[in-house]
Amino acid sequence: MCIRDRIGAGKDTLDSNGHIGSIPYYLGATELRGPIGGTVITAAASPWTVSCNAFIEPGETLIAEPGAVVLFDDIYYLRIAGLLQAEGVTFMPADTTVSGAKWEGLMITVDADPNSYIRDCVFINASTTMREEPYGGAITLQGVSPEISGNTFLDCEHSAISCQNGAAPEITWNVIDGFGEVAINCYNNSHPKIEHNIIRNGSGYGILCQKFSSPSVKTNLIYSTQSVGIKCVNNAAPSIQYNTIAGHDYTGLKIDDHSNPSVINNIIAFNGSPECWSVSGWGCGINVSGSSVPTISYNDVYQPANQGIATAGITLDEVKAMVVSVAFLPLVLMSGIMGKFMRIVPFVVSLTLAASLLEVFFIAPSHFAELGGGVRHRAQSRWFSHIRRRYTKALFW
């Protein structure tokens, strides 16, 4: 709470003499507090100082011009319920030399103008008023979808961007370097477009999709977090394509709790650390659990030898293929000529899946073990090559 709030200033609206409440207080020329609708934050007058929480109401406008600097005296926020147009602006604490100096981010509410945008801005040491799930961020979007592109987020205490309650913004070409629980949060039916971002050096999840959220996650570089690159939980169904997910301490991609993402054409590599290789289901490329049935295809999942990996870096808590088999069983019950033709389909599918499971769980691990090299591997190769040559000649005899 700012000192002016403690003494009672700023509790009421401005009167005709520019007084706030019962105690006179005059706003500085570049001071932002309380209602600030209609303000144009210019570079020439910078720095601008947020001396207490500030806001714009529906129908009002806040424009921040390129080169402007906005400083926050303390743990204050800007609440946007109107039109925000911010481009090339730096938002940061007033004194970054103070240990733990933070500010509480931009809160953009459901009443905000959908034509709002935040482009090429810098957010430094942002915190949030929402410090527990669903977690707020440097930018918190509550059911609204502005454009968020080309921004840089440095050392966010909790989250950089938090999409909540149906938010579906375009989040593109941003750099998020340093964050807490999650870099980009998709919560409660939020469906943002997350593309061409760099996410790195966080203590939590790179992207968290939860509670029926289905974002489009494409062509992002997500690396070097202390947890998981992308996590899907609680009926999430994102489309995850063409991303590079690497160097995470636990797992590249975690899919849990009835989540059914589409995971196609990604590079998922070098995930896991010595501390988690001994923990079941961790230290791998992709981890699937909790009755989830994802679509996983055409990915390059690579884990070096001796990193606690089984079956090509993918771990399955349950045999998901059985769900596909059950889906084909009603074909057995079809009658007539068509039934006779279609009856063979579930049997063929079941046999194919059974053979695939045999390969994945029993045969493939031995092939991967051979990739480790060494004298023994070369010796085995020589005798096996001899058998293979004889077998090949027999086939052409």
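Below is a summary of the structure that appears in this document.

### Brief notes about a nonpolar patch on the surface
- A contiguous nonpolar patch, built from Ile337, Met338 and Phe341 and spanning about 390 Å² of accessible area, is present on the exposed surface.
- By the element assignment, Met338 lies in helix 3 (residues 336–342).

### Considerations on the sheet that holds strand 4 (residues 61–64)
- One open sheet holds the 11 strands; their spatial order is 2-4-7-10-13-16-19-22-25-28-31, and the pairing between them is parallel. Sheet topology places strand 2 (40–41) and strand 31 (295–297) at the edges, where each strand pairs with a single neighbour.
- Of the strand pairs in this sheet, strand 10 (residues 117–119) and strand 13 (residues 147–149) are connected by three bridges, and their pairing is parallel. Note that in strand 13 the partner of Ile118 across the bridge is Ile148.

### What about the pattern of salt bridges?
- Tallying each qualifying case throughout the model produces three salt bridges.
- Residue Glu57 is joined to Arg79 by a salt bridge in which the shortest nitrogen-to-oxygen separation is 3.8 Å. Linking Glu57 in the loop between strand 3 (48–56) and strand 4 with Arg79 in strand 6 (residues 78–80), this pair joins segments that are 22 residues apart in sequence.
- With relative accessibility at 24%, the residue Arg79 sits in the partly exposed group.

### Regarding the pairing of strand 1 (residues 31–35)
- Counting buried residues in strand 1 gives four out of five residues, a clear majority hidden from the surface.
- Relative to strand 3, strand 1 is paired through four bridges, and the arrangement is parallel. Among the inter-strand pairings, Glu31 is bridged to a residue of strand 3, identified as Thr49.

### Side note on unusual backbone geometry
- Here Ser46 and Pro47 are connected by a cis peptide whose omega angle stands at 5°.
- Here Pro47 shows up in the loop between strand 2 and strand 3.
- The phi dihedral of His196 falls on the positive side, at around 60°, and the residue is not glycine.
- For His196, the location among the structural elements is in the loop between strand 19 (193–195) and strand 20 (198–202).
- According to the relative accessible area criterion, His196 is partly exposed, its value standing at 29%.
- In this structure, Ser224 is a non-glycine residue whose phi angle is positive, near 60°.
- Looking at the element boundaries, Ser224 is found in strand 23 (residues 221–225).

### Details of the environment of Ala246
- Within the secondary structure layout, Ala246 lies in strand 26 (residues 244–246).
- By relative accessible area, Ala246 is classed as buried at 19%.
- Measuring from C-alpha to C-alpha, the distance between Ala246 and Val301 comes to 9.9 Å, with 55 residues separating the pair along the chain.
- For Ala246, the residues in contact, after removing those within four places along its chain, are Ile222, Tyr223, Ser224, Ala269 and Asn271.

### Considerations on the packing of aromatic side chains
- Applying the stated criterion to the full structure yields six aromatic pairs.
- For the pair Phe91 and Trp103, a centre-to-centre distance of 6.0 Å together with 25° between the ring planes defines the contact as stacked. Residue Phe91 is located in strand 8 (residues 90–93), and its partner Trp103 is located in the loop between strand 8 and strand 9 (106–108); the two are separated by 12 residues in the primary sequence.
- With relative accessibility at 3%, the residue Phe91 sits in the buried group.
- Look at Trp103 and you get buried, because its relative accessible area is 0%.
- Aromatic pair Phe270 and Tyr302: ring centres 5.3 Å apart, planes at 75°, arrangement edge-to-face. Here the residue Phe270 occupies a position in the loop between strand 29 (267–269) and strand 30 (284–288), and Tyr302 occupies one in strand 32 (residues 300–302), the gap between them amounting to 32 residues.
- Members of the aromatic cluster, connected to one another through ring pairs, are Phe72, Phe91, Trp103, Phe123 and Phe153.
- A cation sits over an aromatic face here: Arg119 above Tyr117, 3.7 Å from the ring centre.

Rules used in this analysis
The numbering scheme is per chain: residues are counted from 1 as the chain's sequence reads. It should be noted that, the model being predicted, local features are given only for residues of pLDDT at least 70 and side-chain atom pairs only at 80 or more, the latter also being counted only at that level, while totals for whole chains, interfaces and linings use all residues. To obtain the side-chain values, all non-hydrogen atoms of the structure were included, while hydrogens and water were left out. Patches here: salt-bridge-free residues with over 30% relative accessible area, like charges joined within 9 Å, nonpolar side chains (Val, Leu, Ile, Met, Phe, Trp, Tyr) joined within 5 Å. The Shrake-Rupley method, run with a 1.4 Å probe sphere, supplies the accessible areas, and residue values consider only the shown protein chains as cover. Here, a salt bridge means any side-chain nitrogen of Lys or Arg that lies within 4 Å of a carboxyl oxygen of Asp or Glu. Comment: elements are numbered from the N terminus, with helices defined as DSSP H or I runs of at least four residues and strands as E runs of at least two. Two strands are counted as paired when DSSP detects at least two bridges linking them. Buried residues are those whose accessible area, probed at 1.4 Å on protein chains only, stays under 20% of the maximum for their type, while exposed residues exceed 50% and partly exposed ones sit between those limits. Should any heavy atoms of two residues lie within 4.5 Å, those residues are counted as being in contact. Stacked, tilted and edge-to-face are the three classes assigned to paired rings of Phe, Tyr and Trp, where Trp is represented by its six-membered ring and a pair needs centres within 6.5 Å; plane angles under 30 degrees give stacked, over 60 edge-to-face, the rest tilted. Only when the NZ of Lys or the CZ of Arg is both within 6 Å of the ring centre and within 35 degrees of the ring normal is a charge said to sit over the ring.

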